[in-house]
Amino acid sequence: MALLAVENLRVTYGAVEAVRNVSFHLDRGQILGIVGESGSGKSTLGYAIAKLLRPPGQIVGGHVWFDGVDLVPLSELELKPIRWRELAVVMQSGMNALNPVAPIRRQFEDAILTHRPMGAKAMRERVREMLALVNIEERYADHYPHELSGGMKQRVAIALALVLEPKLIIFDEPTTALDVVVQRYIVQNLKALRERYHFSALFISHDLGTVLEIADRVAVMYAGRLVEVQDARSLLQHPQHPYTQALLSCFPDPRADHIEVMGIPGSPPDLADVRPGCPFAPRCAQIIDRCWRETPAYLASPDGNGVACHMVKEREGSAYV
Amino acid sequence: MSDVRAILDVKDVAKTYRTRRNGRWQVVHAVRGVSFRILPQHIVALVGESGSGKSTIAKLVTAVERPNQGQIVFDGRPIEEWRRHLRAYRRQVQMVFQDPYAALNPLNTVRYMIGRPLINYRHLGQDALSDEIRRILETVHLTPVDEFMEKLPFELSGGQLQRVVTARALASEPRLIVADEPVSMLDVSIRAEILRLLDELRRQQGVSLLYITHDLISARMLADEIVVLYRGTVVEEGAALSVAKNPRHPYTQLLLRSIPNPWAPPEETAIDLSRIDRTSDEGGCVFRARCPHVMDRCAQEVPPLRRVESQQVACWLYEASGVAVGRSDP
Ligand SMILES: Nc1ncnc2c1ncn2[C@@H]1O[C@H](COP(=O)(O)OP(=O)(O)O)[C@@H](O)[C@H]1O
Ligand SMILES: Nc1ncnc2c1ncn2[C@@H]1O[C@H](COP(=O)(O)OP(=O)(O)O)[C@@H](O)[C@H]1O
Ligand SMILES: [Mg+2]
Ligand SMILES: [Mg+2]
């Protein structure tokens, strides 16, 4: 059984449908990357899975099966033993991930005492150990978040998410707004931590280059829908959806002799105006008539890969059913 | 290089700030003796991580701040002289900021925002004004022009807003544009268009550009030359392609290694995780605390810029091979 299975999930903010019938699953020990331009619904999807949406955001359909339990109907009280212990969230750096008025140590202690109490000495050792995992010296445990650099804060947030050894961690743009060297650090560090703690993760980012490095599988979002899911390696080599292809071309190999980036002309559709057809059609270089009339269904194959594109379907015929 | 007169010549410029930290006054060396020049119609990229002094240099060049040391010469005249003609200076040296949302008044239409510098700096009358606004909007590809003229900022996408900001900077017919992270806030998918636009402006309008970025790849794509900054110091400079593809300074090498690269095997991009938070004390090489090649000498003396093949590199590793580069003033 998959650790996480999202089934026909739909999320709205009033009249705007930000997540549209999204289905995918995440196997144990895997990292699934979720990529797309800003406004494509990545954060909304992540928050919906963690049941952290704030009004007017609400789940209006579908299921979030987490370790066999559907989280969608659960109340706050029922979610309490799951949060942090089983499912932790790491938000974008600079966001209110850490409590600004508590020293770092207190934030670890609060988490431990609430969910898995231990003695003072053991707890001290645990904090030291968790900080060491992200290469932060113990003396920083008594600092306040604002006394740390952006990169250090993000690493503390990661250590804090890990402290109760959850099964699933949802990272929302964990490397965005950090310097490139710190981004590299976080990616490399997360890979090592995963080896050790065997958590599964959703890694949400607009940065396809980073996602392809860290994720086992990648889900590409466009205008609230999944347009493609594939293994990271095959996505890098054989992106199916024209949007994935275009996005990939925005991330050149830094060692290449010649670099040319065309970008993707135009911008994503306004989610408020509902038109027929494929949402990517106005920016797509490979359209056929049908793309203007009919929204392509997301077709998954038994291995969990899938694509939503009329062109691909015509090309591949029966591979997707 | 010295045959053509530089449009901008930054000579050994330093800037310090005094700040209060944990109840004590501290001196921050934002920029420490930086020199570079920009030739007419050239693009120079200043590349460095946050805090390396890029925006401070932008403020010095645009005469928003004064250096504590050194001199900036624009079009043959020191900036201190230009200060008496600040209006003329501002007309010729325009700035494009990172955040187009913050740079534009949400209540003004595109027509008004482009029109104002045309009236202020170029004193255009009503008829000429409309034509010129149209021409500029076409230059930045905000077409069809009529559709965009009456738009307010909230009706435009991030990429379109950055075009408006660029159009406004162009309106005064500047000779130099200082663009401080102009694409950092934009989606990767629309960055390329803005970079192409900046390149077009240099080719077709003849403006020079100081392109400030933390992104080595975009610097390589757009600029003629790259100047790499670390903690207020130039550690490497040279032709954009060679600096970005074949960097010599250990810091530039670290930057290149750090760029997301799913094509490379992991060992090619792996970095030493233990040095990341270290900072060097004053004196010596600014990068030594994080440098994998650090030697005794690095703590004792500041390495000067030396020529290493086509680049100039401030690193003791190249002492034997490099030739020290002195700056001779024209
Ligand atoms: N609090 C909110 N209220 C109304 N609309 C929202 C809110 N948050 C997000 N949205 C809308 O939902 C869509 C998806 O947003 P988001 O999930 O933040 O995308 P991403 O994380 O991919 O940038 C956007 O069009 C955005 O305008
Ligand atoms: N007005 C100021 N007062 C105090 N310190 C400043 C000020 N402006 C910049 N600094 C400091 O100078 C250094 C360089 O900053 P900046 O030029 O903004 O770098 P960058 O643009 O490369 O991120 C940083 O350490 C920053 O904190
Ligand atoms: Mg988001
Ligand atoms: Mg800056």
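As the structure is a computational prediction, the values presented were derived from the model and not from experiment.

**Section: the site of ligand 2**
Residue and element names in this part refer to chain B. Taken together, the neighbourhood of ligand 2 is formed by Tyr17, Thr19, Val28, Ala30, Glu49, Ser50, Gly51, Ser52, Gly53, Lys54, Ser55 and Thr56. Gly53 places a polar main-chain atom, nitrogen or oxygen, 3.0 Å from an oxygen atom of ligand 2. Between ligand 2 and Thr56 there is a distance of 2.5 Å, counted from an oxygen atom to a side-chain nitrogen or oxygen. Every element with two or more residues in the shell around ligand 2 is listed here: β1 (8-21), β2 (24-38) and α1 (54-61). Sort the elements by how many residues they give to the shell around ligand 2 and α1 lands first, with 3 residues. Looking at side-chain class alone, the shell around ligand 2 contains 3 nonpolar, 7 polar and 2 charged residues.

**Examining the pattern of salt bridges**
Taken as a whole and judged by the stated rule, the model has 42 salt bridges over all chains. Between Arg10(A) and Glu17(A) there is a salt bridge, with its nearest N and O atoms 3.0 Å apart. One network of salt bridges, in which partners are shared, links Arg91(B), Arg122(B), Glu132(B), Arg135(B) and Glu173(B).

**Focus: the site of ligand 1**
Residues and elements named next belong to chain A. Neighbouring ligand 1 are the residues Tyr13, Ala18, Glu37, Ser38, Gly39, Ser40, Gly41, Lys42, Ser43, Thr44 and Leu271. Between ligand 1 and Tyr13, the relevant distance is 3.5 Å, taken from a nitrogen atom to a side-chain nitrogen or oxygen of the residue. Within the backbone of Gly41, one N or O atom sits 3.0 Å away from an oxygen atom of ligand 1. If ligand 1 stood free it would expose 560 Å²; the protein chains cover 61% of that surface.

**Regarding the domain arrangement of chain A**
Residues and elements named next belong to chain A. Domain annotation of chain A identifies domain 1 (4-86 + 166-319) and domain 2 (99-165). Of note, the centres of domain 1 and domain 2, computed from C-alpha atoms alone, are 30 Å apart. When residues of domain 1 are sorted by the area they lose upon contact with domain 2, Trp84, Arg85 and Tyr197 head the list and together hold 37% of the total. The interface formed by domain 1 and domain 2 holds 0 salt bridges in total.

**Some details on unusual backbone geometry**
Cis geometry is found at the peptide bond from Pro55(A) to Pro56(A), where omega equals 5°. The step from Thr143(B) to Pro144(B) runs through a cis peptide bond, and the omega angle for that step is 0°. Among the secondary structure elements, Pro144(B) is positioned in the loop between α6 (126-139) and α7 (145-149). Unlike most non-glycine residues, Glu165(A) shows phi in positive territory, near 50°.

**Focus: the environment of Leu202(A)**
Residues and elements named next belong to chain A. In this structure, Leu202 sits in strand β8 (residues 200-204). Here the alpha-carbon distance between Leu202 and Asp231, two residues 29 residues apart in the chain, equals 14 Å. Contacts of Leu202, omitting those with residues within four sequence positions, involve Leu4, Phe24, Leu26, Leu32, Ile34, Ile49, Leu168, Ile169, Ile170 and Phe171.

Calculation rules
Residues numbered from 1 in each chain as written. Chains lettered and ligands numbered in written order. Predicted model: local features only at pLDDT ≥ 70, side-chain atom pairs only at ≥ 80, totals over all residues. Heavy atoms only, no water. Near = heavy atom within 4 Å. Polar contact = N/O pair within 3.5 Å; in protein donor to acceptor, adjacent residues only side chain to side chain. Helix = DSSP H or I, 4+ residues; strand = E, 2+ residues; numbered from the N terminus. Nonpolar A, V, L, I, M, F, W, Y, C, P; charged D, E, K, R; others polar. Salt bridge = Lys/Arg side-chain N within 4 Å of Asp/Glu carboxyl O. Areas by Shrake-Rupley, 256 points an atom, 1.4 Å probe, with all protein chains shown as cover. Domains from an automatic or database assignment. Buried area = accessible area lost by both parts, 1.4 Å probe. Contact = heavy atoms within 4.5 Å.

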